[in-house]
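Examining the three-dimensional arrangement
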Amino acid sequence: MAELELLPYDEYVAQLPQKRMSAGMLIRDDTGRVLLVEPSYKPSWEIPGGVVETGEAPWTTAAREVREEIGLARSRGKLLVIDHVPGENDSLPERIAFVFDGGTIDEAGLDDLVFGDEIVSAVLCSADEVRTRVKPLLADRLAAAVDAAKSGVTVMCERGKPV
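Residues numbered from 1 in each chain as written. Predicted model: local features only at pLDDT ≥ 70, side-chain atom pairs only at ≥ 80, totals over all residues. Heavy atoms only, no water.

Description of the side chain of Asp-29
Stated precisely, the cut-off is as follows: In this description a helix means any DSSP run of H or I spanning at least four residues, a strand means any run of E spanning at least two, and both kinds are numbered starting from the N terminus. Distance and chemistry together define a polar contact, namely a pair of N or O atoms within 3.5 Å, with one atom able to donate a hydrogen and the other to accept it when in protein, and with adjacent residues in sequence counting only for side-chain atoms on both sides. Contact definition: two residues touch when any of their heavy atoms are within 4.5 Å.
Within the element layout of this structure, Asp-29 appears in the loop between strand S1 (20-28) and strand S2 (34-39). Within the structure, the side chain of Asp-29 is placed 2.8 Å from the side chain of Thr-31, a separation counted as a polar contact. At a separation of 3.0 Å, a polar atom in the side chain of Asp-29 contacts the main-chain amide nitrogen of Gly-32. Sequence-distant contacts of Asp-29, that is, excluding residues within four places in its chain, are made with Ile-105 and Leu-124.

Details of the side chain of Asp-83
Put simply, the rule reads: Only protein chains enter the accessibility calculation, which uses a 1.4 Å probe; a residue whose area is less than 20% of its type maximum is buried, one above 50% is exposed, and one in between is partly exposed.
With respect to the helices and strands, Asp-83 occurs in strand S4 (residues 79-85). Its relative accessible area of 0% is what places Asp-83 among the buried residues. In this structure the side chain of Asp-83 is engaged in a polar contact, spanning 2.7 Å, whose partner is the side chain of Arg-141.

Considering the pattern of salt bridges
To keep things clear, this is the line we draw: Any Lys or Arg side-chain nitrogen located within 4 Å of an Asp or Glu carboxyl oxygen qualifies as a salt bridge.
Summed over all chains, the structure comprises twelve salt bridges. For Arg-159, the salt bridge is made with Glu-158, and the minimal N-O distance between the two is 3.9 Å. Residue Arg-159 is classed as partly exposed on the basis of its relative accessible area, which comes to 30%. Take Glu-158: its relative accessible area is 36%, and that puts it in the partly exposed class. When salt bridges that share partners are traced, they join Glu-53, Glu-56, Arg-64, Glu-65 and Glu-68 into one network.

Considerations on the packing of aromatic side chains
The following threshold applies: In this scheme Phe, Tyr and Trp rings, the latter by its six-membered ring, pair at centre separations within 6.5 Å, and the angle between planes marks the pair as stacked below 30 degrees, edge-to-face above 60, and tilted otherwise.
Under the criterion given, the structure shown has two aromatic pairs. Look at Tyr-9 and Tyr-12: their rings are 6.1 Å apart centre to centre, the planes differ by 40°, and that puts the pair in the tilted class. A residue pair is termed a helical-turn pair when its members lie 3 or 4 positions apart in one helix, as Tyr-9 and Tyr-12 do in helix H1 (residues 9-15) at three residues. Since its relative accessible area comes to 61%, Tyr-9 is described here as exposed.

Regarding the environment of Gly-77
Along the polypeptide, Gly-77 turns up in the loop between helix H2 (58-70) and S4. For the pair Gly-77 and Leu-26, spaced 51 residues apart in sequence, the C-alpha to C-alpha distance is 9.4 Å. If near-sequence neighbours (up to four positions away) are discounted, Gly-77 is found in contact with Phe-100 and Asp-101.

Description of the pairing of strand S5 (residues 95-104)
We apply this condition: Only strands joined by at least two bridges in the DSSP assignment are considered to pair.
Among the ten residues that make up S5, seven are buried, leaving the element largely enclosed by the rest of the structure. Strand direction decides the pairing type here: S4 and S5, joined by six bridges, are antiparallel. The residue bridging His-84 from the neighbouring strand is Ile-96, located in S5.

Geometric values such as these leave the question of function open.
Given below as structure tokens:
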């Protein structure tokens with residue numbers, strides 16, 4: 001019997017797909033308006049959140065980014081959305097986005113926000129206003145997150161749409 005030639009493990013690992021991950025928090029007021037932040041580095045608005053760093057759990061990322069971006073200490077809430085974005089239709093690679101429940105904030109709480117270097121401002125927006133400020137993919141993801149928060153069931157999405 002011929003001896004099987006195995007691929008060295010390091011070479012095998014180097015061939016595995018590399019997915020990007022991001023995590024953010026859905027923070028709303030009592031009327032259901034969503035907190036959006038205005039980044040200093042791009043034209044479209046976002047929810048507080050960012051890229052999951054190497055060795056970091058998505059829920060840790062969400063809490064860290066909320067603290068860094070707007071100065072709020074929020075513990076990880078319920079996972080609302082897991083969104084898979086293949087990356088074939090835009091310039092970004094394949095990615096997974098997590099949205100966690102960040103609880104509520106009121107108008108007075110907006111005045112207490114402390115913006116990090118990446119954030120210019122923050123505003124509470126209705127569902128219609130969200131669609132005018134964020135990219136369509138994020139608008140769909142946020143609609144799914146709001147529905148998940150109401151139903152108590154985590155939603156799996158592809159390109160922001162529930163599957």
